[in-house]
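Examination of the molecular architecture
Here's the letter readout for the chains.
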Amino acid sequence: MRIKVETRQDGNVDVPWRFSLNGDHVDVFEMVDQWFGDDYRYCKVKGSDGALYILRYDELRSEWCLTMFASERAQAVTAEWTSPMQSVKGLLQ
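This structure is a prediction, so every number in the text was calculated from the model and none was measured.

What counts as what
- Residues numbered from 1 in each chain as written.
- Predicted model: local features only at pLDDT ≥ 70, side-chain atom pairs only at ≥ 80, totals over all residues.
- Heavy atoms only, no water.
- Helix = DSSP H or I, 4+ residues; strand = E, 2+ residues; numbered from the N terminus.
- Buried < 20%, exposed > 50% of the residue type's maximum accessible area, 1.4 Å probe, protein only.
- Contact = heavy atoms within 4.5 Å.
- Core = buried A, V, L, I, M, F, W, Y, C linked by side-chain atoms within 4.5 Å.
- Pairing = 2+ DSSP bridges.
- Salt bridge = Lys/Arg side-chain N within 4 Å of Asp/Glu carboxyl O.

A word on the overall build of the protein. Helix and strand counts for the protein come out as two helices and seven strands. Looking at the protein as a whole, 25% of its 93 residues are labelled buried. A fraction of 18% describes how many contacts in the protein between residues 6 or more apart in sequence connect residues 24 or more apart.

Below is the structure:
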């Protein structure tokens, strides 16, 4: 999904500072990680909303895309889920 990203200078690299998602602005609270390819760059960031995002910058097209989103709420819900195999193991013990 293409998104609009505002950047700031960090050394000689532009890094995400704020982006728009579904009409809402999300400030980048923390740059968790980044990795580079031949013509792209990925930035793993924590947003001001507590969610984790992976943003991809296509250097040839000068476009930012959202490639992954994980909210704290979603992570908490999925952590409570158990797989059917785990439930069966619990019954057998």
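For residues that are not glycine, phi is negative in most cases, and the peptide bond is trans in most cases. A positive phi angle is found at Asn 22, which is not glycine, with a value near 55 degrees. Topologically, Asn 22 is positioned in the loop between strand S3 (13-21) and strand S4 (24-36). Despite not being glycine, Ser 62 shows a phi value in the positive range, around 55 degrees. Looking at the element boundaries, Ser 62 is found in the loop between strand S6 (52-58) and strand S7 (63-70). The class of Ser 62 is exposed, set by a relative accessible area of 51%.

This next bit is on the nonpolar core. In this structure, Ile 3, Phe 19, Val 45, Tyr 53, Leu 55 and Trp 64 are the most contacted members of the largest nonpolar core, which totals 14 residues. Counting residues per element, the ones that place at least two in this core are S3, S4, strand S5 (40-47), S6 and S7. In terms of residues, this core owes the most to one element, S6, which gives three residues. Apart from the residues within four sequence positions on either side, Tyr 53 is in contact with Phe 19, Leu 21, Val 26, Cys 43, Lys 44, Val 45, Gly 47, Leu 66, Met 68 and Phe 69.

Pairing in this open sheet of seven strands is antiparallel, and the strands run S1-S7-S6-S5-S4-S3-S2 from one edge to the other. The strands lining the two open edges of the sheet, one partner per strand, are strand S1 (2-3) and strand S2 (5-10).

Turning to the pattern of salt bridges, a few remarks are in order. Applying the stated criterion across every chain yields a total of three salt bridges. Here Arg 2 ties to Glu 63 by a salt bridge, and the two come within 3.7 Å at their closest N and O atoms. Of this pair, Arg 2 sits in strand S1 while Glu 63 sits in strand S7; the two residues are 61 residues apart in sequence, bridging distant segments of the chain. Residue classification places Glu 63 among the partly exposed positions, given a relative accessible area of 25%. Between Asp 58 and Arg 61 there is a salt bridge, with the nearest N and O atoms lying 3.2 Å from each other. Residue class for Asp 58 comes out buried when judged on its relative accessible area of 11%.

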